Amino acid sequence: MDWQALRHNMVAEQLAGRGITDSRVLDAMRHVPRHIFVPEEHQHLAYEDTPLPIGDHQTISQPFMVALMSQLLALDGHERVLEIGTGCGYQTAILGYLAKFVYSIERIPSLAGMAYEHLKALNITNVHITIADGSYGLPDKCPYEGIMVTAVAPQVPRPLVSQLSRAGGRLVIPIGRGDKQELVLIQRQGDQYTQNKITPVRFVPLIGKFGFQPPED
Ligand code: SAM
């Protein structure tokens, strides 16, 4: 497989061709090898326009969604970012390319371990992964110029908004349940918050204190 050609094609057709304009985001997605993050049996689909299973009933997000959510954070490389839902670590790697430092939280230890190995293999060193319920955020390290949640919450988790930088911090998060979910962008200026709906989406649930209850066995 000519992975690089597939990747460049993905960026041209699925991202630039569909309205992603942030050149740093496009560069990041040309640079980071998505196939490394995908289980071997799905690797041939790594640059297709689709989410893919990564184990533990979780997914790696569709490339367009990774690009859109990254663009909404409007990063210039100086920021401290919090990501909730590390999964296999692909979005984490993209954020590592775009920001100064990334804290990422994953609740499933095996996925956190997998993400750690992927990021190590790519020599990405400006990322720290924590195993925890990310609906609490990571108050010790706040404020964050950007917070990204890659799982859907029933409402905006209160702790996250308070951990945003007062000087224009941005939170991007899917809100809703089932097939009624919207990607939402929240921006903070001092004590003022603005909230905008971006587009309908479909994500796995954020499981935790400020998310959904865990499913019963
Ligand atoms: N960011 C990934 C990527 O690169 O494509 C996709 C993440 S997947 C769609 C959502 C992840 O959120 C899953 O790995 C899931 O285990 C995790 N998750 C769900 N609830 C969580 C919580 N409360 N804290 C941390 N991670 C959580």
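Not measured: the values here are computed from a predicted model.

## Quick word on the packing of aromatic side chains
Thought 1: A full pass over the atoms with the stated rule returns 5 aromatic pairs.
Thought 2: Ring geometry for W3 and Y47: centres 6.0 Å apart, planes at 55°, overall tilted. Taken as a pair, W3 in helix 1 (residues 3–15) and Y47 in the loop between helix 2 (23–31) and strand 1 (52–55) lie far apart in primary sequence, 44 residues in all.
Thought 3: Arranged with centres 4.9 Å apart and planes meeting at 55°, the rings of F101 and Y103 form a pair that is tilted.
Thought 4: Clustering of aromatic rings is evident, with ring pairs tying together F101, Y103 and Y144.

## Here's the deal with the site of the ligand
Thought 1: Residues in contact with the ligand amount to 25 residues; listed here are only the nearest, S61, Q91, E106, G134 and I207.
Thought 2: Within the contact set of the ligand, an oxygen atom lies 2.8 Å away from a backbone nitrogen or oxygen of Q91.
Thought 3: Protein contact buries 100% of the 600 Å² of open area that the ligand shows by itself.
Thought 4: Elements with a minimum of two residues in the shell around the ligand: strand 2 (58–60), helix 4 (90–98) and strand 4 (101–106).
Thought 5: It is strand 2 that provides the largest number of residues to the shell around the ligand, a total of 3 residues.
Thought 6: Across the shell around the ligand, the residue classes tally to 11 nonpolar, 10 polar and 4 charged.

## Here we look at unusual backbone geometry
Thought 1: Residues C142 and P143 are joined by a peptide bond in cis, for which omega reads 10°.
Thought 2: Note on placement: P143 falls in the loop between strand 5 (127–131) and strand 6 (146–149).
Thought 3: Residue D56 is not a glycine yet carries a positive backbone phi of 55°.
Thought 4: Turning to its location among the elements, D56 is positioned in the loop between strand 1 and strand 2.
Thought 5: Judged by relative accessible area, D56 falls into the partly exposed class, the value being 41%.
Thought 6: If you check the backbone angles, H57 has positive phi at about 60° while not being a glycine.
Thought 7: Position of H57 among the secondary structure elements: in the loop between strand 1 and strand 2.
Thought 8: We classify H57 as exposed; its relative accessible area is 78%.

## Observations concerning the pattern of salt bridges
Thought 1: Taken as a whole and judged by the stated rule, the model has 4 salt bridges.
Thought 2: One salt bridge in this structure joins D49 and R18, with 3.1 Å as the shortest N-O distance. Of this pair, D49 sits in the loop between helix 2 and strand 1 while R18 sits in the loop between helix 1 and helix 2, and the two are 31 residues apart along the sequence.
Thought 3: As a salt-bridge pair, R30 and D27 come within 2.9 Å of each other at their nearest N and O atoms. One end of the pair, R30, and the other, D27, are both in helix 2, 3 residues apart, so they sit about a helical turn from each other.
Thought 4: Linked by salt bridges that have partners in common, R166, R188 and D191 make up one network.

What counts and what doesn't
Residues numbered from 1 in each chain as written. Predicted model: local features only at pLDDT ≥ 70, side-chain atom pairs only at ≥ 80, totals over all residues. Heavy atoms only, no water. Phe/Tyr/Trp six-rings, centres within 6.5 Å; stacked < 30°, edge-to-face > 60°. Helix = DSSP H or I, 4+ residues; strand = E, 2+ residues; numbered from the N terminus. Near = heavy atom within 4 Å. Polar contact = N/O pair within 3.5 Å; in protein donor to acceptor, adjacent residues only side chain to side chain. Areas by Shrake-Rupley, 256 points an atom, 1.4 Å probe, with all protein chains shown as cover. Nonpolar A, V, L, I, M, F, W, Y, C, P; charged D, E, K, R; others polar. Buried < 20%, exposed > 50% of the residue type's maximum accessible area, 1.4 Å probe, protein only. Salt bridge = Lys/Arg side-chain N within 4 Å of Asp/Glu carboxyl O.

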